[in-house]
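# Descriptive analysis of the structure
In case you want the letters, here they are:
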Amino acid sequence: MHRARELSTPLAPAPWQRTALGANLLAPDGGLGVTIFEEMTTLAVQTGAINLGQGFPDEDGPAEIREAARAAIAAGANQYAPGKGLPELREAVAAHQERFYGLAPDPATEVIITTGATEGIAASLLAFAGPGDEVLTFEPFYDSYGAVIGLSGATHTTVPLAAPDFMPDLAALEAAFSERTRVVLLNNPHNPTGAVFPPAILQRVVDLAARHGSMIVTDEVYEHLTFGVSHTPVATLPGAADRTITISSAGKTFSLTGWKIGWLSGPGELVAAVRTVKQFLTYSSGTPFQAAIARGLALPDGFYTGIASALEQKRDILSAGLRAAGFDVFSPQGTYFVNVDTAPLGITDALDLARRLPALVGVAAIPVPVFCHPEGAERTRSLLRFAFCKRTEVLEEAAERLATLRGRL
C-alpha cells in the first residue's frame with residue numbers, strides 16, 4: 001500500500017504568488033488582497049459616490065459599430081474566429097496603421113487580434129521574458145504589467161516619472177538598462193500619469209534598446225486620446241521597427257471596453273512567437289465584435305478628432321473642480337485620467353484620503369502609490385488619480401462636490 005504523497009509548501013513563490021506580488025496584491029502575511037479598483041468601487045456603491053476611480057466610460061460607443069455587431073450576430077458570426085483574428089479586422093488594423101502613421105504591416109503575417117490589449121501584453125511578455133531576464137517599465141505603471149512580469153518569472157525594473165510633467169530623467173533611463181533587459185514595456189500615452197512622450201524621449205528608449213539587444217513592447221491604447229500633442233508610435237522611429245511589438249485596442253477609442261477587442265503588429269517572426277503563446281490563452285474571442293470593429297476603424301478622421309476634443313472639454317470640467325478643492329492639478333496631455341497632489345491640503349497619504357473621499361464628498365478616486373513598487377509608492381504618496389471619461393453632467397456634479405472638500409477636512 002502506497003503512502004499518500006504529502007503536499008509541501010515550495011520554497012519558491014508559486015506563479016499565482018508572483019502574479020499577486022507583482023500587482024501589489026500580496027499582503028505581508030501571504031494573504032491575498034483585493035485590487036484598489038474593487039475596494040474603491042465598493043466604497044462608491046456603499047456611499048452613493050460618483051466613481052471616478054476605474055477608467056471606463058459611462059456612455060456606449062458609436063451606434064453604427066454596435067449595430068454592425070448586432071448584424072454580425074444575426075448573420076451567424078457566432079463561432080470561433082481564426083486564431084489570428086478575422087481577416088477583415090486584420091486588414092482594417094493594417095489600414096489604420098498606414099492611414100495614421102505610415103506603417104504598413106502585412107495583415108497576413110504581421111497582425112494578430114487579441115482579447116483586448118491586456119492579452120496582447122501578457123502574451124508578448126510570456127513569449128519573450130522569463131527567469132533571469134529584466135522587463136523595464138516607467139513607474140507608476142498599470143497594475144497588469146507588474147502582474148504578468150511576476151508571472152513570467154522575470155524581474156521588474158522601473159524608471160520613475162515625476163510630477164509635474166511626468167517625463168523620465170534620461171540619465172536614470174540609461175542607468176536602468178542592463179545586459180539582462182530583455183523587454184522594454186512602454187505605455188504611451190501613459191496611464192496613470194496622462195503623459196504623452198515626445199519623439200526625443202521615445203528615440204532614446206529605442207537607441208538604448210538597440211544598444212542592449214532589448215525588445216520593445218508598446219501599449220498604445222490611448223493613441224487617439226491626446227490633447228494638443230500628437231501621438232508618435234515607437235515603431236515609426238529609426239531603429240525601432242525590427243524590435244517593436246505595437247499593441248492597441250478598440251476599448252478606449254470607441255468606448256466599448258467590454259468587447260475586449262485588441263490587436264498587435266510587428267515583424268513577422270516576433271508576431272508568430274507571440275501568437276504561439278496567445279493561441280493557448282484564449283485561442284480566439286469576440287467574433288461578431290471583431291467584424292464590427294473593422295467597421296469602426298474605417299470611420300472618418302472627424303470621428304477621431306471629435307473624441308479627443310470632447311474628452312479635452314471633460315478634462316477641463318473636472319480639473320476646475322479639483323483646483324477648487326485645493327489640489328495641485330497636473331493637466332494630462334493624453335488618456336482619460338488627471339492626477340492631483342493632495343499636499344497643498346496638508347494631506348500626505350493619498351491612500352487614506354481615497355478611502356475617506358467617498359464619504360466626505362461623494363467622489364471616488366484611485367491613489368497613485370498602488371501603481372508603484374515600495375520606493376515609488378513613497379515618491380507618489382500624496383498623489384490621486386481621477387477618471388474623466390464620464391458624461392458631462394456627471395463630471396459637473398463631481399466638480400461641485402469636490403469643490404466642497406476643503407471645508408470638510
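None of these values were measured; they are calculated from a predicted model.

What counts as what
- Residues numbered from 1 in each chain as written.
- Predicted model: local features only at pLDDT ≥ 70, side-chain atom pairs only at ≥ 80, totals over all residues.
- Heavy atoms only, no water.
- Pairing = 2+ DSSP bridges.
- Helix = DSSP H or I, 4+ residues; strand = E, 2+ residues; numbered from the N terminus.
- Contact = heavy atoms within 4.5 Å.
- Axes fitted to C-alpha atoms, helices over the stretch in contact; angles between N-to-C directions.
- Buried < 20%, exposed > 50% of the residue type's maximum accessible area, 1.4 Å probe, protein only.
- Arc of directions from axis to C-beta.
- Polar contact = N/O pair within 3.5 Å; in protein donor to acceptor, adjacent residues only side chain to side chain.

Let us look at the sheet that holds strand β10 (residues 328-330). Read from one edge of the open sheet, four strands run β10-β11-β14-β13, paired in antiparallel fashion. The outermost strands of the open sheet, each flanked by one partner alone, are β10 and β13 (366-367). Two elements, β10 and strand β11 (residues 337-341), share three bridges in a ladder whose sense is antiparallel. Bridging across to β11, V329 finds its partner in V340. Together, β13 and β14 (383-387) form the strand contacts of helix α13 (residues 350-361), whose direction differs from that of β14 by roughly 40°.

Another aspect to go through is α13. Because an α-helix packs 3.6 residues into every turn, residues spaced three or four apart end up facing the same way. Taken residue by residue, α13 has A350, L353, A354, L357, P358, L360 and V361 as its buried positions. Down the axis of α13, the smallest arc covering the buried residues is 165°, so these residues share one side. Buried residues along α13 sit in contact with α2 (36-47), β12 (363-364), β13, β14, α15 (392-402) and α16 (405-408). For α13, the N-terminal cap is D349; the gap from its side-chain oxygen to the backbone nitrogen of L351 is 3.1 Å. Positive backbone phi, approximately 80°, marks G362, located one or two places after α13.

Mapped onto the secondary structure, T181 falls in strand β6 (residues 181-187). From its side chain, T181 meets the backbone nitrogen of S178 in a polar contact 2.9 Å long. Ignoring any residue separated from it by four or fewer positions in sequence, one finds T181 in contact with E134, L136, A176, H212 and S214.

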